[in-house]
Amino acid sequence: MVQVGQKAPDFTAKAYHNGKFTELKLSDYAGKWIMLCFYPGDFTYV
Amino acid sequence: MAAVADQYEEFKKLGVEVLGISTDSVYAHKVFAETSPSAKKVQYPLASDRNQQISRAYGVLDVEKGAAYRATFFIDPEGIVTTKLIYPREVGRNIYEHIRIIQGLQYGRETGLGIPANWVPGMPGLVRDFRFVGRI
């Protein structure tokens with residue numbers, strides 16, 4: 001469980017971006033503000 | 001996630017990298033982005049947490065459903081989690097509040113001031129002085 005004030009756990013994940021499959025690594029964004037949005041699933045109502 | 005897409009330019013202006021993530025596969029993300037009218041506008045990466053490890057590490061995995069909660073984390077340039085917002089499954093995010101939080105975090109960092117309740121850009125911050133404790 002991540003606590004505020006702690007280092008964000010790094011991860012690597014496959015991603016879909018601009019029509020392509022890519023690989024994404026959180027630490028590649030070091031030096032930038034990040035808004036990481038978890039959502040329950042594609043094709044949901046909200 | 002379309003609501004985030006609608007405000008994407010605003011996040012860009014603030015220098016914020018937006019990442020969406022769910023436990024769906026990248027293939028589901030692709031079809032979602034290609035077919036859903038609301039998802040078509042998503043400009044930011046949609047990451048796949050297929051093995052649920054990331055949702056678990058962030059403490060937002062709904063183990064009954066095998067899916068993540070609707071949750072947002074703001075991570076600062078040093079990689080520190082500054083904020084976690086967890087929404088009910090049934091209720092969508094308030095994107096304007098997301099923008100305000102980022103603006104407040106950035107303003108606080110630039111000025112060293114505290115950010116009062118209902119602050120919006122243009123309003124003053126609070127001087128963090130021990131003499132003011134209990135006087136505001």
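Residues numbered from 1 in each chain as written. Chains lettered and ligands numbered in written order. Predicted model: local features only at pLDDT ≥ 70, side-chain atom pairs only at ≥ 80, totals over all residues. Heavy atoms only, no water.

1. Regarding the overall build of chain A
Alright, step 1. Per the secondary structure count, chain A includes 0 helices and 3 strands.
Alright, step 2. Ordered by position in the sequence, the α and β elements of chain A form the string β-β-β.
Alright, step 3. Reported as C-alpha extents along the three principal axes, the dimensions of chain A are approximately 35 × 25 × 15 Å.
Alright, step 4. Expressed as a percentage of its 46 residues, the buried residues of chain A come to 41%.
Alright, step 5. Accessible area for chain A stands at about 2700 Å²; split by element, carbon and sulfur atoms hold 54% of it.
Alright, step 6. Each charge sign in chain A was given a centre, from 5 positive and 4 negative side chains, and these centres are 5 Å apart. (Helix = DSSP H or I, 4+ residues; strand = E, 2+ residues; numbered from the N terminus. Buried < 20%, exposed > 50% of the residue type's maximum accessible area, 1.4 Å probe, protein only. Areas by Shrake-Rupley, 256 points an atom, 1.4 Å probe, with all protein chains shown as cover. Lys, Arg positive; Asp, Glu negative; His and termini not counted. Charge placed at Lys NZ, Arg CZ, Asp CG, Glu CD.)

2. Some words on unusual backbone geometry
Residue and element names in this part refer to chain A.
Alright, step 1. The phi torsion at Asn-18 lies on the positive side, around 50°, for a residue other than glycine.
Alright, step 2. Following the sequence through the fold, Asn-18 ends up in the loop between β1 (12-17) and β2 (20-25).
Alright, step 3. A residue is classified by how much of its surface remains accessible, and Asn-18, at 58% relative accessible area, is exposed.

3. Quick look at the interface of chain A and chain B
Alright, step 1. Listed per partner, the contact involves 36 residues of chain A and 63 residues of chain B.
Alright, step 2. Considering only the surface of chain A that becomes buried against chain B, Trp-33, Met-35 and Phe-38 of chain A emerge as the three largest contributors, covering 23% of it.
Alright, step 3. Counting across the chain A and chain B interface gives 1 salt bridge.
Alright, step 4. The interface formed by chain A and chain B includes 24 residue pairs in polar contact (both at pLDDT 80 or more).
Alright, step 5. Where the side of chain A that touches chain B is concerned, the elements lending two or more residues are β1, β2 and β3 (33-38) of chain A.
Alright, step 6. Here the residues of the side of chain A that touches chain B are counted per class, giving 24 nonpolar, 8 polar and 4 charged.
Alright, step 7. In the sheet, β3 of chain A pairs with strand β5 (residues 70-75) of chain B via 5 bridges, with the strands oriented antiparallel. Residue Leu-36 of chain A lies in a different strand from β5 of chain B, and its bridge partner there is Phe-73 of chain B. (Contact = heavy atoms within 4.5 Å. Buried area = accessible area lost by both parts, 1.4 Å probe. Salt bridge = Lys/Arg side-chain N within 4 Å of Asp/Glu carboxyl O. Polar contact = N/O pair within 3.5 Å; in protein donor to acceptor, adjacent residues only side chain to side chain. Nonpolar A, V, L, I, M, F, W, Y, C, P; charged D, E, K, R; others polar. Pairing = 2+ DSSP bridges.)

4. Quick notes on the pattern of salt bridges
Alright, step 1. Within this structure, the stated rule accounts for 10 salt bridges over all chains.
Alright, step 2. Asp-10 of chain A is the salt-bridge partner of Lys-25 of chain A, the closest N and O atoms lying 3.1 Å from each other. Of the two residues, Lys-25 of chain A is situated in strand β2 and Asp-10 of chain A in the segment before β1; the sequence distance between them amounts to 15 residues.
Alright, step 3. Here Asp-6 of chain B ties to Lys-41 of chain B by a salt bridge, and the two come within 3.0 Å at their closest N and O atoms. Placement of the pair is Asp-6 of chain B in helix α1 (residues 2-6) and Lys-41 of chain B in the loop between α3 (26-35) and β2 (46-48), with a sequence separation of 35 residues.
Alright, step 4. By relative accessible area, Asp-6 of chain B is classed as partly exposed at 48%.
Alright, step 5. Overall, Lys-41 of chain B belongs to the partly exposed group, its relative accessible area being 38%.
Alright, step 6. Sharing partners across several salt bridges, the network here consists of Lys-32 of chain A together with Lys-12 and Glu-17 of chain B.

5. Considering the packing of aromatic side chains
Alright, step 1. One pass over the structure, following the stated rule, counts 9 aromatic pairs over all chains.
Alright, step 2. On the numbers, 6.2 Å between centres and 80° between planes, the contact of Phe-11 of chain A with Tyr-58 of chain B is edge-to-face. One end of the pair, Phe-11 of chain A, is in the segment before β1; the other, Tyr-58 of chain B, is in the loop between α4 (53-57) and β3 (61-62), on a second chain. Residues Phe-11 of chain A and Tyr-58 of chain B agree in their burial class; the two are buried.
Alright, step 3. Counting every residue linked through ring pairs, the aromatic cluster contains Phe-11 and Phe-38 of chain A together with Tyr-58 and Phe-73 of chain B. (Phe/Tyr/Trp six-rings, centres within 6.5 Å; stacked < 30°, edge-to-face > 60°.)

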